[in-house]
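The residues making up each chain are set out below.
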Amino acid sequence: MTEPITIRFGGYQGPQSVHTRGGRALGEYLHEELGDAVNFIFDENIVERGQKAADLLTMVESGELDGCYFSSSYLAGRVPELGVFDQHFVVPDRASAYAILDGELGRELARCVAAGTGYCVMDFWDNGFRHISTADRVITSPQDCKGLTIRTLANEDHKALFRTLGFEPHAIDVRDLPAAVADGTVDAQENPLTNIYNFRLHDTHRHISLTGHLLGVALALFNRQHVEAWPDYIREGVARAMRKATLAQRQFAEEDDAICTAKLRAEGVEVRDLTLQERNVFIEAVAPQIARLRANFDPKLVALFDKSLRQQN
């Protein structure tokens, strides 16, 4: 009897996270597709053991883990093409984002990741529309941002954009984010509603502006050598299971936005939608920075992005 292939998958969020639920769904679909041929082990939250979330990237690339989910923005320094996802205030809705990710552009970006790293991109998960929270004011214009420190992802393009709005950005690992918000290390932070609620950031930050400035992308990353060493039937079965898990994870993310909005408002948090006029002011403010960002990309990559966006809208 052939020994099962063990697949170790890692995460960094709590049990109610849409990512954790996506990881669990992956385990269920792997069993559905491959039965006892695979032994799936999901380390749901390495942060609970004192590790940084970003340690997952090293653990997967070194082979300690087979796979994980992680924000594409953290890899943009090594794979510049991933920066095409970091165009703030450009993607209007999830349907548009999924059309981009699931089409030719997504396949091209997966090739770029494989060429420049030890990873294999198995799919693209929904990392949530990002919004801005603060302790003492609601953000409705770039003027409101001036002089505030904001926690951002460890991505230079993100930092440059928030400086354009008047913020002073600080990159802080997810492990240290709740403390940085609670003790006032940062005045503001930006995250999907699911993170704001599940990390209890709203206990201190009582004002949330639904800027929807970026739909984050979480790459489902696997160690490329491990994947290439799997028998064909295992690799194909994992790919089918991952596609099912991705569709489930995206559904969790969409549903969770409405759930978290209701919970936040029920706890007395000010959750403020931007008017079309207010959003347009932000779009105009960041336009020069977005133009500089796009100028660094291969024109063919930009053309693919824009084509996918036009086809959806």
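Each remark here, short or long, concerns the structure printed above.
> Can you explain the environment of Phe 222? Please cite residues and give values.
Its place among the elements puts Phe 222 in strand S8 (residues 207-223). Considered as a pair, Phe 222 and Thr 185 are 37 residues apart in the sequence and their alpha carbons are 34 Å apart.

> Go over the pattern of salt bridges with me, naming the residues and quoting the values.
Scanning the model with the defined rule gives 23 salt bridges in all. Note that Asp 43 and Arg 49 form a salt bridge whose closest N and O atoms lie 2.8 Å from each other. With a closest N to O distance of 2.5 Å, Arg 294 and Asp 306 form a salt bridge. Pair noted here: Arg 294 is in helix H11 (residues 276-295) and Asp 306 is in helix H12 (residues 299-312), with a separation of 12 residues, a long-range link.

> Pulling in residues and values, what's your account of the side chain of Gln 289?
Inspection of the secondary structure assignment puts Gln 289 in helix H11. The class for Gln 289 is buried, based on a relative accessible area of 11%. In this structure, Gln 289 is in contact with Ala 160, Leu 161 and Thr 164, ignoring residues within four places of it in sequence.

> I'd like a description of the nonpolar core, backed by residues and values.
With 88 residues, the main nonpolar core has Leu 26, Phe 70, Leu 82, Leu 221 and Phe 222 as its most contacted residues. Top element by residues in this core is helix H10 (residues 232-266). It accounts for 10 residues. In terms of nonpolar packing, the next biggest core, distinct from the first, is built from 15 residues, Phe 89, Ile 132, Phe 162 and Phe 167 among them.

> Describe the side chain of Asn 195, and please don't skip the residues or the numbers.
With respect to the helices and strands, the residue Asn 195 is situated in helix H8 (residues 193-198). Classification of Asn 195 as buried rests on a relative accessible area of 7%. Setting aside residues up to four positions removed in sequence, Asn 195 forms contacts with Gln 13, Arg 200 and Leu 201.

> Explain the pairing of S8 to me, and be specific about the residues and the numbers.
Burial of S8 is extensive: 17 of the 17 residues sit out of reach of the surface. One ladder, built from 5 bridges, connects strand S3 (residues 67-71) with S8; its direction is antiparallel. Of the residues in S8, the one forming a bridge with Ser 71 is Ala 218. Strand direction decides the pairing type here: strand S4 (residues 119-134) and S8, joined by 12 bridges, are antiparallel. Residue pairing in the sheet places Ile 132 in a bridge with Ser 209 of S8. Across 4 bridges, S8 lies against strand S9 (residues 270-273) in parallel orientation. Bridging from a neighbouring strand, Ile 208 pairs with Val 271 of S9.

Cut-offs applied
Residues numbered from 1 in each chain as written. Predicted model: local features only at pLDDT ≥ 70, side-chain atom pairs only at ≥ 80, totals over all residues. Heavy atoms only, no water. Helix = DSSP H or I, 4+ residues; strand = E, 2+ residues; numbered from the N terminus. Salt bridge = Lys/Arg side-chain N within 4 Å of Asp/Glu carboxyl O. Buried < 20%, exposed > 50% of the residue type's maximum accessible area, 1.4 Å probe, protein only. Contact = heavy atoms within 4.5 Å. Core = buried A, V, L, I, M, F, W, Y, C linked by side-chain atoms within 4.5 Å. Pairing = 2+ DSSP bridges.

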